[in-house]
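# Coordinate analysis (summary)
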Amino acid sequence: MNEFLIVGGGVIGMMTALQLADAGHGVTLLERGRCGREASWAGGGIVSPLYPWRYTRPISALSRWSEGFYPELALRLLEETGIDPEYRQKGLLYLGVEDEARAMDWAREVGKPLERVDADFLYRKEPQAAPGFSDALWMPTLGSIRNPRLVQALRARLAAMPRVTLEEGVTVTGLRVADGRVTGVDSEQGRWSAQRVIVCGGAWSAGLLASVGVALPVRPVKGQMILFKAPPGLVERVVLLDGRYVIPRNDGRVLAGSTLEEAGFDTTTSEAARASLRDSAIRIIPALADCEIEHHWAGLRPGSPDGVPMIGAVPGLANLHVNAGHFRNGLVLAPASTHLLVDELLGREPIVDPAPYRLG
């Protein structure tokens, strides 16, 4: 029998498996497709909420812990797998922020470096930024990571760990329950037994828990993004304007996102979204008008009330745990939310107060 059985091979599931294996435990991870190919792959890779001062304290507590984790994780994965997740810490520029006073109050409260800078500073940092801005907000410590490379590196590391078994192409259809205890899962490919089951299925988590009568307030929220094939150096750091952003990669490519769409589990892209994303990107960096759009894709975020994830034991069913509902901040919150869950699983002192994330 498996010691820990994780359902869902996104960044949440894989980081959970990594931490449990690091602690000496056996883990089997089930993923219906290929690990890291859903929302974890589709996102932008900014390792902070877009406008952190607009989020609730539970999200802020997890995000502050997680940000400092990524530089170390990226170096570890590069050393262990040879795959560079491309962590970049070149700061973030906010253009046209309407609630600047609120932002500055938040920065003082949490001790985060955030300052108002003039046009000379802005255009020295990003010469190609749209002209006409007299000032901006500057957060020098913000980083980003190339999330497709991150999940590729996580998968490679887990595949090489003797305590971890990756089972891809396994479609879990329900949870198995006996005498009020979850004993494993059923799948189209067979049955799996386990001492403890952890649901990390992102937008699909609610459907799985519904099979045992548990209502999980998580829904799919579609987000579309585009990728420009731009020359290296055109954009050097993340730039935000009116809720849209551009994110540079080491090879010069520039990602632009994103939409928010209530469309169920539909992952088709649309020409309207492509045009809207392109227009937003050009408003931020006009020179992108001359760059080819190389890719256009959609992913499904696990939407939840206020974006606060549900982390921990599922009431009424022994041996069942969940970590889902991160909405737009799955990558941002992953290190802290998985650490918090593993703390509970292993009886360790939690890194933050677990109460705000409990289900029920």
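Below is a summary of the structure that appears in this document. (Residues numbered from 1 in each chain as written. Predicted model: local features only at pLDDT ≥ 70, side-chain atom pairs only at ≥ 80, totals over all residues. Heavy atoms only, no water.)

### Here we look at the nonpolar core
Ranked by internal contacts, the top residues of the largest apolar core, which has 44 residues, are Ile6, Val11, Leu20, Tyr70, Leu150, Leu154 and Ile198. Sort the elements by how many residues they give to this core and helix H10 (residues 330-346) lands first, with nine residues. Residues Val246, Val254, Ala256 and Ile293 belong to the second largest nonpolar core, which totals 26 residues. (Core = buried A, V, L, I, M, F, W, Y, C linked by side-chain atoms within 4.5 Å. Buried < 20%, exposed > 50% of the residue type's maximum accessible area, 1.4 Å probe, protein only. Helix = DSSP H or I, 4+ residues; strand = E, 2+ residues; numbered from the N terminus.)

### What about the sheet that holds strand E12 (residues 244-248)?
The eight strands are arranged E4-E5-E3-E11-E12-E13-E10-E14 in an open sheet whose pairing can be described as mixed. Looking at which strands have only one partner, the edges of the open sheet turn out to be strand E4 (115-118) and strand E14 (292-303). Within the sheet, the average angular offset between the axes of one strand and its neighbour, ignoring direction, is 25°. Bridging between E12 and strand E13 (residues 254-257) involves four bridges; their strand directions are antiparallel. Across the sheet, residue Tyr245 finds its bridge partner in E13, namely Gly257. Set on the sheet, helix H5 (residues 100-110) makes contact with E4 and strand E5 (135-139); between it and E5 the angle comes to about 25°. Packed onto the sheet, helix H9 (residues 271-284) meets strand E10 (219-229), strand E11 (238-241), E12, E13 and E14 and runs at close to 55° relative to E10. (Pairing = 2+ DSSP bridges. Axes fitted to C-alpha atoms, helices over the stretch in contact; angles between N-to-C directions. Contact = heavy atoms within 4.5 Å.)

### Digging into the state of the cysteines
What we call a disulfide is simply a covalent bond connecting the sulfur atoms of a pair of cysteines. Overall, the coordinates contain zero disulfides when judged by the stated rule. Not part of a disulfide, Cys35 finds its nearest cysteine sulfur in Cys200, a span of 11 Å. On the basis of relative accessible area, Cys35 is assigned to the buried category, the value being 4%. (Disulfide = S-S within 2.5 Å.)

### Brief notes about the pairing of strand E9 (residues 190-199)
Direction of pairing for strand E1 (residues 2-7) relative to E9: parallel, over a ladder of five bridges. Within E9, the position partnered with Leu5 by the bridge is Val197. Examined bridge by bridge, strand E8 (residues 181-187) and E9 share four bridges and lie antiparallel to one another. Among the inter-strand pairings, Gly184 is bridged to a residue of E9, identified as Ser193. Where E8 folds back on E9, the antiparallel hairpin that results is connected by two residues. Relative to strand E16 (residues 320-324), E9 runs parallel, the two being bridged by three bridges. When the bridges of E16 are listed, Val197 appears paired with Leu320.

### What about the pattern of salt bridges?
In total, this model carries 26 salt bridges according to the counting rule given. For Arg54, the salt bridge identified is with Asp99, shortest N-O distance 2.9 Å. Taken together, the positions of Arg54 in the loop between helix H2 (39-42) and helix H3 (57-67) and Asp99 in the loop between strand E3 (92-95) and H5 put the pair 45 residues apart, joining distant regions of the chain. Arg54 gets classed as partly exposed once you look at its relative accessible area, which sits at 38%. Across the pair Glu262 and Arg219 runs a salt bridge whose closest N-O atoms are separated by 2.9 Å. (Salt bridge = Lys/Arg side-chain N within 4 Å of Asp/Glu carboxyl O.)

Everything listed is a geometric property; what it means functionally is a separate question.
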